[in-house]
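Architecture and fold: a report
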Amino acid sequence: MTAAAPVAPGTPAQPRRTVTVAVVQAAAPLFDTPTALARAEGFIREAVGRGARVVVLPEAYLGGYPKGLDFGITVGSRTPEGRDLFRRYHAAAVEVPGPEVGTLAAVTRELGCHAVVGAVERSGGTLYCVALFFGPDGYLGLHRKLMPTAGERYLWGQGDGSTLPVVDTGTARLGAAICWENYMPLLRTAMYAKGVDLWCAPTVDDREAWQSTMRHVALEGRCFVLSACQYLRRDALPADLRPVQGDAPDTVLIGGGSVIVSPLGDVLAGPLRDGEGILTAELDLDDLARARFDFDPVGHYARPDVFTLHVDESPRPTVTGG
């Protein structure tokens with residue numbers, strides 16, 4: 001019998017577990033959902049062509065993010081023009097289920113990939129900012145933004161605890177927090193407890209400070225962070241609108257900053273500035289265990305004897321009963 005050769009310390013016993021991911025930075029043409037849908041499909045196909053198995057698109061990509069518009073609102077007053085502008089925005093939103101969702105579901109089934117796509121959902125008279133989840137089986141579910149930020153509250157309703165999904169891709173677990181939800185410590189804790197490996201952050205926050213936020217979430221959650229931001233210029237808006245930033249066609253309304261971060265806070269790709277594009281990175285999934293060795297926010301580094309969090313995941317419909 002021949003003795004097996006000793007394995008040197010640090011030598012991996014198994015092949016590397018990797019997944020290639022992509023974040024898309026692009027404009028969503030306002031009030032032109034067919035064009036936005038066609039572009040979303042094209043970006044997903046391009047990203048998969050580059051090897052990506054998970055693709056993230058920005059906040060409100062379907063339906064649009066009306067940066068710089070006030071919808072005729074002042075405290076205690078609305079204008080007829082602002083009401084009609086909301087009518088246009090309401091018409092551009094997507095229904096779930098609906099034809100746009102069906103189109104993207106068919107794409108991810110065909111390509112065998114997962115995608116997280118920012119959208120504006122229309123449900124009756126209310127709009128919601130959502131992240132739509134797709135996979136090889138088609139449409140998988142959505143997350144509704146829990147707290148619209150500042151003037152977004154004029155436009156969007158609040159989600160509830162029933163739409164906090166985590167999707168198991170077979171190799172990693174996907175979750176999403178939209179834009180400034182990433183600043184909600186209790187939401188982050190709830191999502192960490194669900195075992196998120198790939199933290200998807202559709203956003204329109206183009207500030208340099210956002211980069212610090214994404215690195216913090218990665219370090220705190222010991223997860224990969226995939227942040228997809230829009231890059232939007234004035235010429236992507238209809239000519240009759242007047243954004244506060246100015247009316248020159250090349251005025252940048254949302255400046256991008258998409259980024260991919262490791263579980264130890266290292267930037268793997270990006271931040272992308274000054275235009276549209278797709279960032280990709282091959283992730284070593286064993287980095288998750290390496291990072292959690294000395295910090296697990298809901299495991300060995302938690303203090304359940306001191307701190308507890310109750311999460312109500314029940315749906316909160318306005319009307320119940322038969």
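Chains are numbered independently. Their residues run from 1 in the order of the written sequence. Given that the model is predicted, a residue must reach a pLDDT of at least 70 before its local features are reported, and side-chain atom pairs must reach 80 or more before they are shown or counted; all residues, however, enter totals for whole chains, interfaces and linings. Excluding hydrogens and water, the side-chain values take into account all heavy atoms of the structure.

Considerations on the pattern of salt bridges
Put simply, a salt bridge is a Lys or Arg side-chain nitrogen that is within 4 Å of an Asp or Glu carboxyl oxygen. On inspection of all chains with the given rule, the structure shows 24 salt bridges. Note that glutamate 220 and arginine 188 form a salt bridge whose closest N and O atoms lie 2.6 Å from each other. Taken together, the positions of glutamate 220 in helix H5 (residues 208–221) and arginine 188 in helix H4 (residues 185–193) put the pair 32 residues apart, joining distant regions of the chain. Burial status follows relative accessibility: with a 1.4 Å probe on protein chains alone, a residue under 20% of its type maximum counts as buried, one over 50% as exposed, and anything between as partly exposed. With relative accessibility at 8%, the residue arginine 188 sits in the buried group. Where arginine 242 meets aspartate 247, a salt bridge forms, and the shortest distance between an N and an O atom there is 3.8 Å. Residue classification places arginine 242 among the exposed positions, given a relative accessible area of 54%. In this structure aspartate 247 comes out as partly exposed when scored by relative accessible area, which is 41%. Through salt bridges that share partners, Glu41, Arg45 and Glu110 make up one connected network. Runs of H or I in DSSP of at least four residues are treated as helices and runs of E of at least two as strands, each being numbered from the N terminus.

Notes on unusual backbone geometry
Cis geometry marks the peptide bond from valine 96 to proline 97, where omega comes out at 0°. The phi dihedral of phenylalanine 31 falls on the positive side, at around 65°, and the residue is not glycine. Positionally, phenylalanine 31 belongs in the loop between strand E1 (18–25) and helix H1 (33–49). Despite not being glycine, alanine 60 shows a phi value in the positive range, around 55°. Counting through the fold element by element, alanine 60 comes out in the loop between strand E2 (54–56) and helix H2 (80–92).

Things to note about H2
Each residue after the first adds 1.5 Å to the expected span of a helix. Its 13 residues give H2 an end-to-end C-alpha distance of 19 Å, which sits within 8% of 18 Å, the value for a rise of 1.5 Å per residue. Within H2, burial applies to Gly82, Leu85, Tyr89 and Ala92. Looking down the long axis of H2, one finds its buried residues gathered within 75° of arc, a one-sided arrangement. Those residues of H2 that are exposed and angled more than 90 degrees off the buried face are Pro80, Arg83 and Ala91. Of all possible arcs, the one meant is that of the directions from the helix axis to the C-beta atoms.

What to know about the environment of histidine 143
In this structure, histidine 143 sits in strand E5 (residues 138–144). Given a relative accessible area of 1%, histidine 143 falls into the buried group. Sequence separation between histidine 143 and glycine 118 is 25 residues; the distance between their C-alpha atoms is 9.6 Å. Other than its neighbours up to four places away in sequence, histidine 143 contacts Cys129, Val130, Ala131, Phe133, Thr163, Leu164, Pro165, Ala176, Ile178 and Glu181. Definition of a polar contact: a pair of N or O atoms within 3.5 Å, with one able to donate and the other able to accept a hydrogen when the atoms are protein atoms, and with sequence-neighbouring residues admitted only if both atoms are side-chain atoms. At 2.7 Å, the side chain of histidine 143 forms a polar contact with the backbone oxygen of threonine 163. Here a residue-residue contact requires only that any non-hydrogen atoms of the pair lie within 4.5 Å.

So, the packing of aromatic side chains
Only Phe, Tyr and Trp rings are paired, with Trp represented by its six-membered ring, and only when their centres lie within 6.5 Å; those with planes under 30 degrees apart are stacked, over 60 edge-to-face, the remainder tilted. This model, assessed by the stated rule, comprises 8 aromatic pairs. A centroid spacing of 5.5 Å and a plane angle of 90° characterise the contact between tryptophan 180 and tyrosine 183, whose relative ring orientation is edge-to-face. Taking relative accessible area as the criterion, tyrosine 183 reaches 33% and is therefore assigned partly exposed. With 5.9 Å between their ring centres and 80° between their planes, tyrosine 183 and tryptophan 210 make a pair best called edge-to-face. Residue tyrosine 183 is located in the loop between strand E7 (173–176) and H4, and its partner tryptophan 210 is located in helix H5; the two are separated by 27 residues in the primary sequence. Grouping aromatic residues by their ring pairs yields a cluster made of Phe31, Phe71 and Tyr89.

A short note on the sheet that holds E5
A strand pair is defined by DSSP finding two or more bridges across the two strands. Strand order in the open sheet formed by 6 strands is E5-E4-E3-E2-E1-E13, and the pairing between neighbours is mixed. The outermost strands of the open sheet, each flanked by one partner alone, are E5 and strand E13 (277–284). Recorded for the sheet is a direction-independent mean angle of 30° between the axes of neighbouring strands. Examined bridge by bridge, E1 and E13 share 8 bridges and lie antiparallel to one another. Paired with alanine 22 across the strands is threonine 280, a residue of E13. Here an axis means a line fitted to C-alpha atoms, over the contact stretch when the element is a helix, while the angle between two N-to-C directions is reported on a 0 to 180 degree scale.

A few points about the side chain of lysine 145
Considering the arrangement of structural elements, one finds lysine 145 in the loop between E5 and strand E6 (167–168). A distance of 2.9 Å separates polar atoms of two side chains, one belonging to lysine 145 and the other to glutamate 152. Dropping the residues within four chain positions of it, lysine 145 is found in contact with Glu59, Cys129, Glu152, Trp156, Gly157, Gln158, Gly159, Ile178, Cys179 and Glu181.

Description of the pairing of strand E9 (residues 224–229)
Burial runs high along E9: 6 of the 6 residues are buried. Burial along E9 is two-sided: the residues Phe224, Leu226 and Ala228 and Val225, Ser227 and Cys229 are all buried. Note that strand E8 (residues 198–203) and E9 share 6 bridges and pair parallel. Paired with cysteine 200 across the two strands is leucine 226, which belongs to E9. One crossover worth recording links E8 to the parallel E9 by way of H5, and it is right-handed. As paired strands, E9 and strand E11 (residues 252–261) are joined by 3 bridges and run antiparallel to one another. By the bridge assignment, leucine 226 is partnered in E11 with isoleucine 260. If you view a crossover with the strands going away from you and the path from the first strand over the helix to the second runs clockwise, you call it right-handed.

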